[in-house]
Amino acid sequence: MNIVLFGPPGSGKGTQAENLAKEYNLLKVSTGDLLREEISSKSKLGEEIDKKISKGFLVSDNILNNLIENILKKNNSFKGLVFDGYPRTLNQLKILEILIKKYNQKISFVFSLNVDKNTIIKRILGRESCSNCGLIFNEFFNPSNTKSHSCDPKFLTKRTDDNEQTILKRIETYKKETLPVLKYYKNQSLLHEIDGVGDISHIYKQIRSIINTLEAWLYNVYLYK
């Protein structure tokens, strides 16, 4: 089972991708994480990526496509993949379709988390992560406190690209580049739109319900074929 999860920046797709990966034994594929790892390595490529991301632009498709193919080659111990925000452009979509067929895979579900702009801005501006333990908080929706976080507050940091100007740029880039990809998956009857505003667990229940219902239906079709 391979899943593609979409949503504008700050929609919570990373959290939902983690939930799906744990429950269904999937490998989470986050291009954002892969790119940030490259930036952290201080390589020349990492510096180039950092400049683009900090201005709200997307990195080149060639870089992302190579990263994705490397993961598909190594996918042995998991039952499938959950793509967190990839493919973001029609060109990436074309390459992914080629790679999926090349490695005898298929896309089973595509989910899009719909969140309004004001909620996105508040979610991102309030986002904090602990550099010591890795926990993620939000000063507006889920603030760090002594009960939920034992580390010193000095370890709480924000991403350098989490500012309102960059956020608005990223939202516009998402609309321009990604909505055509959603239209493609909708025409393939793979797209499921989810209300991404509200309790995280409730959003996940919606996603899980769609997966389990369709899988049960397919099982019955196969059983009584």
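Refer to the preceding data block for the structure.
Residues numbered from 1 in each chain as written. Predicted model: local features only at pLDDT ≥ 70, side-chain atom pairs only at ≥ 80, totals over all residues. Heavy atoms only, no water.

Would you take a moment to explain the nonpolar core for this structure?
Soluble, globular proteins show a tendency: their nonpolar side chains are buried together. Counting 26 residues, the largest nonpolar core has Phe-6, Ile-68, Phe-83, Ile-107, Val-110 and Tyr-185 as its most contacted members. For this core, the secondary structure elements donating two or more residues are β1 (3-6), α4 (61-74), β3 (81-84), α5 (90-102) and α7 (164-187). Ranked by residue count, the leading element in this core is α4, at five residues. Excluding its chain neighbours within four sequence positions, the residues that come into contact with Tyr-185 are Val-4, Phe-6, Pro-87, Leu-93, Leu-96, Glu-97, Ile-107, Val-110, Leu-190 and Leu-191. Residues Ile-3, Tyr-24, Leu-26 and Ile-194 belong to the second largest nonpolar core, which totals 16 residues. (Core = buried A, V, L, I, M, F, W, Y, C linked by side-chain atoms within 4.5 Å. Buried < 20%, exposed > 50% of the residue type's maximum accessible area, 1.4 Å probe, protein only. Helix = DSSP H or I, 4+ residues; strand = E, 2+ residues; numbered from the N terminus. Contact = heavy atoms within 4.5 Å.)

Looking at this structure, I do not really get the sheet that holds strand β7 (residues 156-157). What am I missing?
Note: strands within a sheet are paired through backbone hydrogen bonds, in either parallel or antiparallel orientation. Ordered by their spatial adjacency, three strands build an open sheet running β6-β5-β7, and the pairing between neighbours is antiparallel. Two strands bound the open sheet, and with one partner strand each, they are β6 (136-138) and β7. (Pairing = 2+ DSSP bridges.)

Can you help me understand the sheet that holds strand β8 (residues 191-195) in this one?
Strand order across the open sheet formed by five strands is β2-β3-β1-β4-β8, with parallel pairing between neighbours. Edge positions in the sheet fall to β2 (27-30) and β8, since each has one partner strand and no second. Recorded for the sheet is a direction-independent mean angle of 20° between the axes of neighbouring strands. Of the strand pairs in this sheet, β1 and strand β4 (residues 109-114) are connected by four bridges, and their pairing is parallel. (Axes fitted to C-alpha atoms, helices over the stretch in contact; angles between N-to-C directions.)

Purely geometric numbers; function is a separate question.
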